[in-house]
Amino acid sequence: MIRFLRADEVETLLPLSAQVNALHEREHPEQYRGDATPGEVTEFFARRLDEGAQVFVAEGADGALTGFLLAVPVVREASPFLHPARHVELDQICVDETCRGQGVGKALVAALEEWMRDNDFQEWKSMVHGFNAHSQHLMSGQGAAVLGLRYRKMLGD
């Protein structure tokens, strides 16, 4: 079952958030922190909810969380270079390591897209690292196309 996370349930995201962060920290420890306290993590999600983001959660038959998706609405005003736009940033998605390949990620994205239709958003975007094959497969499997390439160069000391 997919549903919205209630503000009083933010702490339930901690185990899944730790899984997704550990993957990123392992690959890019210079960027991703592994030392955030539970309080900092719950404050992060609570703040996003207060700012209008949505957190979709997937629950197993036993009620345990099997995944989550953090969706952040973005409304951009027109500029001399860009048309106004409304999209959703798929900021984070995590499927519990023990539940991968069972359609949880697909169900989360489908719930996001249903919510988007109901709220007049026409596209979602997500940044996925090259090392994250699970997310790449999920995104392309849901019909998302590669939007561009992001480059980085670290300067040595």
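Residues numbered from 1 in each chain as written. Predicted model: local features only at pLDDT ≥ 70, side-chain atom pairs only at ≥ 80, totals over all residues. Heavy atoms only, no water.

A. Up close: the packing of aromatic side chains. Throughout the structure, instances matching the rule amount to five aromatic pairs. Ring geometry for Phe-45 versus Phe-68: centroids 5.7 Å apart, planes at 90 degrees, classification edge-to-face. Taken together, the positions of Phe-45 in helix α2 (residues 38–50) and Phe-68 in strand β3 (residues 65–76) put the pair 23 residues apart, joining distant regions of the chain. With 6.4 Å between their ring centres and 75 degrees between their planes, Phe-56 and Trp-115 make a pair best called edge-to-face. With Phe-56 in strand β2 (residues 54–59) and Trp-115 in helix α3 (residues 104–118), this residue pair connects regions lying 59 residues apart in the sequence. (Phe/Tyr/Trp six-rings, centres within 6.5 Å; stacked < 30°, edge-to-face > 60°. Helix = DSSP H or I, 4+ residues; strand = E, 2+ residues; numbered from the N terminus.)

B. Structural context of the sheet that holds β2. Taken in spatial order, the five strands of this open sheet run β1-β2-β3-β4-β5, and their pairing is mixed. Looking along the sheet, the strands with just one partner apiece sit at the ends: β1 (2–4) and β5 (124–125). Sheet topology places β1 next to β2; three bridges connect them, and they run antiparallel. Residue pairing in the sheet places Ile-2 in a bridge with Ala-58 of β2. (Pairing = 2+ DSSP bridges.)

C. View of the nonpolar core. Membership of the largest hydrophobic core comes to 20 residues, with the highest contact counts inside it found for Phe-56, Leu-69, Val-88, Leu-90, Ile-93, Leu-112 and Trp-124. Every element with two or more residues in this core is listed here: β2, β3, β4 (85–95), α3 and α4 (133–141). The residues contacting Val-88, other than those within four sequence positions of it, are Ala-71, Val-72, Pro-73, Leu-112, Trp-115, Met-116, Phe-121, Glu-123, Trp-124 and Lys-125. Judged by nonpolar contacts, the second largest core, of 15 residues, contains Leu-13, Leu-16, Val-20 and Cys-94. (Core = buried A, V, L, I, M, F, W, Y, C linked by side-chain atoms within 4.5 Å. Buried < 20%, exposed > 50% of the residue type's maximum accessible area, 1.4 Å probe, protein only. Contact = heavy atoms within 4.5 Å.)

D. Here's a closer look at α3. In a regular helix each residue adds 1.5 Å, so 15 residues correspond to 21 Å; α3 covers 21 Å between its end C-alpha atoms and thus fits that length. Regarding α3, the residues found buried are Val-104, Gly-105, Leu-108, Val-109, Ala-111, Leu-112, Trp-115 and Met-116. Here the buried residues of α3 occupy an arc of 155 degrees about the axis, which is enough to place them on one side. For α3, exposure combined with an orientation more than 90 degrees from the buried face picks out Lys-106, Glu-114, Arg-117 and Asp-118. Buried-residue contacts for α3 involve β1, β2, β3, β4, β5 and α4. (Expected span 1.5 Å × (residues − 1). Arc of directions from axis to C-beta.)

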